[in-house]
Amino acid sequence: MSTNYLAQPDLGFIAELRSLGGETLKKCYQCATCSVACPIAPENSPFPRKEMIAASWGLKDKLICNGDIWLCHNCGDCTDMCPRGAAPGDVLAAIRSAAITEYATPKSLAKAVNDPSKLPLLLGIPAAWFALLAIITMGFGGTMEKIFHFLFGDALGGRLHWSHAHEGAEHVIAHANFVSTWFVDITFVPLAIFATVVFFLALKRFIVDIHNNAVLEGKTDKTSLDYKALLMSIKNVIPMILKHNKFTQCGSNKNRATPHMMVLFAFIGLFIVTAVCGIMLYVGGYAGPYPQLNPIKWLANIAGVALVIGSGIMIKSRLTNKEQITTYKDWFILGVVFALGLSGMLTEMARLAEIAWLSYFFYWIHLIAIFNLFAFLPYSKMAHIVYRTVAMGYADYANRK
Ligand code: SF4
Ligand code: SF4
């Protein structure tokens with residue numbers, strides 16, 4: 001099949017890639033060593049040489065829609081072998097970063113998440129929001145209780161209360177006494193729905209685009225897109241993603257697999273904890289704080305420690321590995337994940353030490369970190385997990401081996 005692209009260099013896109021960590025893209029002289037060195041590039045139309053030439057010409061349409069950019073795990077093997085110091089691994093990372101911004105809506109939010117000058121705003125808005133909710137919770141608890149009683153009466157067998165802290169909790173450190181669980185839920189449930197809708201809209205375009213690109217470039221002989229078969233392929237690659245098989249195929253940065261797995265499994269653990277706590281509270285009427293011997297507490301603590309250690313190792317390796325470019329986007333997500341884990345652990349430790357004001361302070365930081373994770377998930381580097389999973393599923397579907 002012939003490949004037809006109108007070569008219209010986009011100088012703005014070249015500048016964007018350079019600002020996102022792809023400074024070296026013009027150094028490439030197309031020797032193809034990188035495509036040979038890459039341990040995971042498919043034999044049919046391998047990467048990253050072809051992406052390097054497209055990047056140096058600023059062919060935005062060819063790159064953003066290219067599913068292959070998501071197959072790369074940024075191991076750096078190609079960068080080590082490149083005779084020109086063109087760092088193709090970093091250029092592909094820059095293209096992925098630009099693709100996330102391109103597919104996410106609204107664009108203004110995507111740009112704000114990538115702009116360091118907007119960081120005070122991104123942190124300040126949730127900080128002010130949760131401070132306001134804390135003032136209402138602590139200052140107007142009695143009034144809110146009456147409003148709740150008026151609205152819900154004996155609904156759910158009298159389990160609907162303003163405060164979700166257990167009985168006598170006004171005398172203990174219970175975070176529902178600082179920011180009501182209702183306020184936490186009416187903040188995070190809509191945010192989670194918002195992130196899901198943004199991803200859904202983005203993936204609708206993304207799947208069609210990577211398929212059209214694969215057909216146009218002769219990477220697949222499946223000209224029509226079978227969504228059911230694609231879903232099966234996505235399901236097939238999930239065990240490989242969980243085991244981080246692709247990371248372990250790398251040469252120079254093989255050890256990245258362990259901290260990545262720690263963070264991934266920590267999030268899975270925290271998701272289970274949140275779901276179980278929600279069921280215990282809204283169905284069983286069993287409010288926290290839960291005793292330390294409760295198994296759900298063990299899981300929460302193990303996941304919290306794994307999150308702190310895993311993200312801490314990633315931060316350390318970014319600080320010490322001078323050969324790999326670390327952009328603002330990398331620091332943003334690493335900072336959010338580390339702050340999320342650490343503030344959660346410190347909240348718990350301060351509660352056990354019975355220092356209420358300190359525990360509530362760390363809980364406030366924790367809520368700000370969760371807000372940043374949820375609200376900006378489709379725009380931050382964390383979006384990789386979604387796009388890469390779909391692209392790997394598509395590669396399986398298209399028989400790109
Ligand atoms: S990026 Fe480096 S290794 Fe790859 S084709 Fe260009 S010069 Fe060769
Ligand atoms: S960074 Fe690693 S996975 Fe990505 S293209 Fe280079 S060798 Fe392949």
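Keep in mind it's a predicted model, so treat the numbers as computed, not measured. Residue indices follow the written sequence of each chain, beginning from 1 at its first position. The naming scheme follows written order: chains are lettered A onward, ligands numbered 1 onward. At least 70 in pLDDT is required for a residue's local features to be given in this predicted model, at least 80 for side-chain atom pairs to be given and counted, and no such filter applies to totals for whole chains, interfaces and linings, which use all residues. Just so you know, side-chain values use all the structure's heavy atoms and leave hydrogens and water out.

## Some points on the overall build of the chain
Okay, step 1: Only runs of H or I of at least four residues qualify as helices and only runs of E of at least two qualify as strands under DSSP, and these elements are numbered from the N terminus. The number of helices and strands found in the chain is 18 helices and 0 strands.
Okay, step 2: Values of the radius of gyration come from C-alpha atoms, whereas the globule rule sets the reference at 2.2 Å times the count of residues to the power 0.38. For a compact globule of 401 residues, the expected C-alpha radius of gyration is about 21 Å, and the chain comes in at 24 Å, within 12% of that figure.
Okay, step 3: Principal-axis analysis of the C-alpha atoms gives the chain an extent of 70 × 45 × 35 Å.
Okay, step 4: In the chain, buried positions account for 48% of the 401 residues.
Okay, step 5: Only heavy atoms matter for contacts: two residues are in contact if any of them lie within 4.5 Å across the pair. Contacts in the chain between residues at least 24 apart in sequence constitute 73% of all its contacts with a sequence separation of at least 6.
Okay, step 6: What sets the accessible areas is the Shrake-Rupley method with a 1.4 Å probe; for residues, cover comes only from the shown protein chains. Per element, the accessible surface of the chain, about 19400 Å² overall, is 69% carbon and sulfur.
Okay, step 7: A positive count includes Lys and Arg, and a negative count includes Asp and Glu. His and the chain ends are not counted in either. Note that the charge is assigned to NZ on lysines, CZ on arginines, CG on aspartates and CD on glutamates. Positive and negative side-chain charges of the chain, numbering 34 and 26 respectively, have mean locations separated by a distance of 5 Å. Burial status follows relative accessibility: with a 1.4 Å probe on protein chains alone, a residue under 20% of its type maximum counts as buried, one over 50% as exposed, and anything between as partly exposed.

## Concerning the domain arrangement of the chain
Okay, step 1: An automatic or database domain assignment supplies the residue ranges for each domain. Taken domain by domain, the chain holds domain 1 (11-103) and domain 2 (116-397).
Okay, step 2: Using C-alpha coordinates to define each centre, domain 1 is positioned 30 Å away from domain 2.
Okay, step 3: Listed as interface residues are 29 residues of domain 1 and, on the opposing side, 33 residues of domain 2.
Okay, step 4: When two components associate, each loses some accessible surface as probed by a 1.4 Å sphere; the sum of these losses over both components is called the buried area. Between domain 1 and domain 2 the total buried area reaches about 2700 Å² when both faces are included, carbon and sulfur atoms providing 52% of it.
Okay, step 5: Any carboxyl oxygen of Asp or Glu that lies within 4 Å of a side-chain nitrogen of Lys or Arg is treated as forming a salt bridge with it. Inspection of the region where domain 1 meets domain 2 yields 2 salt bridges.
Okay, step 6: Only α5 (77-81) and α6 (88-103) provide two or more residues apiece to the side of domain 1 that touches domain 2.
Okay, step 7: A per-element tally of the side of domain 1 that touches domain 2 places α6 first, with 7 residues.

## Quick word on the site of ligand 2
Okay, step 1: The nearness test applies per residue and asks whether one of its heavy atoms lies within 4 Å of the molecule or strand. What surrounds ligand 2 is a group of 14 residues, the closest being Cys38, Cys72, Cys75, Gly76 and Cys78.
Okay, step 2: Of all elements in the fold, only α5 and α6 reach the threshold of two or more residues within the shell around ligand 2.
Okay, step 3: Amino acids outside the nonpolar list (Ala, Val, Leu, Ile, Met, Phe, Trp, Tyr, Cys, Pro) and the charged list (Asp, Glu, Lys, Arg) are all regarded as polar, and Gly is one of them. Class assignment of the residues belonging to the shell around ligand 2 gives a composition of 9 nonpolar, 4 polar and 1 charged.

## Concerning the packing of aromatic side chains
Okay, step 1: Side-chain rings of Phe, Tyr and Trp, where Trp is taken by its six-membered ring, are said to pair if the distance between their centres is within 6.5 Å; with planes under 30 degrees apart they count as stacked, over 60 as edge-to-face, and otherwise as tilted. According to the stated counting rule, one finds 16 aromatic pairs in the structure shown.
Okay, step 2: Relative to Tyr397, the ring of Tyr394 lies with its centre 5.6 Å away and its plane at 50°, an arrangement referred to as tilted. In this pair, Tyr394 and Tyr397 both sit in helix α18 (residues 384-397), 3 residues apart, roughly one turn of the helix. Like Tyr397, Tyr394 is buried.
Okay, step 3: One aromatic cluster is present, formed by Trp70, Tyr103, Phe199, Phe206 and Tyr387 through successive ring pairs.
Okay, step 4: Both a distance and an angle decide whether a charge sits over a ring: NZ of Lys or CZ of Arg must be within 6 Å of the ring centre and within 35 degrees of the ring normal. The residue whose ring lies beneath Arg84 is Tyr29, and the NZ or CZ to ring-centre distance is 5.0 Å.
Okay, step 5: Directly above the aromatic system of Tyr397 lies the positively charged group of Lys222, at a separation of 4.3 Å from the ring centroid.

## Let's talk about helix α8 (residues 119-139)
Okay, step 1: Helix span, as expected, comes to 1.5 Å for every residue beyond the first. If you check α8, its first and last C-alpha atoms are 30 Å apart, about what 21 residues at 1.5 Å a residue would give, namely 30 Å.
Okay, step 2: Buried within α8 we find Leu122, Pro126, Ala127, Phe130, Leu133, Ala134 and Thr137. Each buried residue of α8 lies within a common arc of 130° when the element is viewed along its axis, so the set occupies one face. Turned more than 90 degrees away from the buried face of α8 sit Pro120, Leu121, Ile125, Ile135 and Gly139, all of them exposed. Each direction from the helix axis to a C-beta atom contributes to the arc, which is the arc of those directions.

## Points about a nonpolar patch on the surface
Okay, step 1: A cluster of nonpolar side chains, namely Ile238, Leu242, Phe265, Ile268, Phe271 and Ile272, defines an oily patch on the protein surface of about 520 Å² accessible area.
Okay, step 2: If you list the elements that add at least two residues to the nonpolar patch, you get α12 (227-243) and α14 (257-282).
Okay, step 3: No other element matches the 4 residues that α14 contributes to the nonpolar patch.
Okay, step 4: A residue is classified by how much of its surface remains accessible, and Ile238, at 38% relative accessible area, is partly exposed. Nonpolar side chains (Val, Leu, Ile, Met, Phe, Trp, Tyr) within 5 Å and like charges within 9 Å form the patches, drawn only from residues with over 30% relative accessible area and no salt bridge.

## Some details on the pattern of salt bridges
Okay, step 1: If you walk through the whole model with that rule in mind, you get 12 salt bridges.
Okay, step 2: Across the pair Glu102 and Lys60 runs a salt bridge, and its minimum N-O distance is 3.2 Å. Remark: Lys60 occurs in helix α4 (residues 60-64) and Glu102 occurs in helix α6; sequence separation between them is 42 residues.
Okay, step 3: Overall, the relative accessible area of 24% leaves Glu102 in the partly exposed class.
Okay, step 4: Residue classification places Lys60 among the partly exposed residues on the basis of a relative accessible area of 23%.
Okay, step 5: Salt-bridge contacts for Glu348 lead to Lys297; the nearest nitrogen and oxygen are separated by 3.4 Å. Of this pair, Glu348 sits in helix α16 (residues 328-352) while Lys297 sits in helix α15 (residues 295-320); the two residues are 51 residues apart in sequence, bridging distant segments of the chain. Taken individually, Glu348 and Lys297 each receive the classification buried, so the pair is uniform in this respect.
Okay, step 6: Put simply, Lys50, Glu51, Lys62, Asp68, Glu217, Lys219 and Arg400 are held in one network by salt bridges that share partners.

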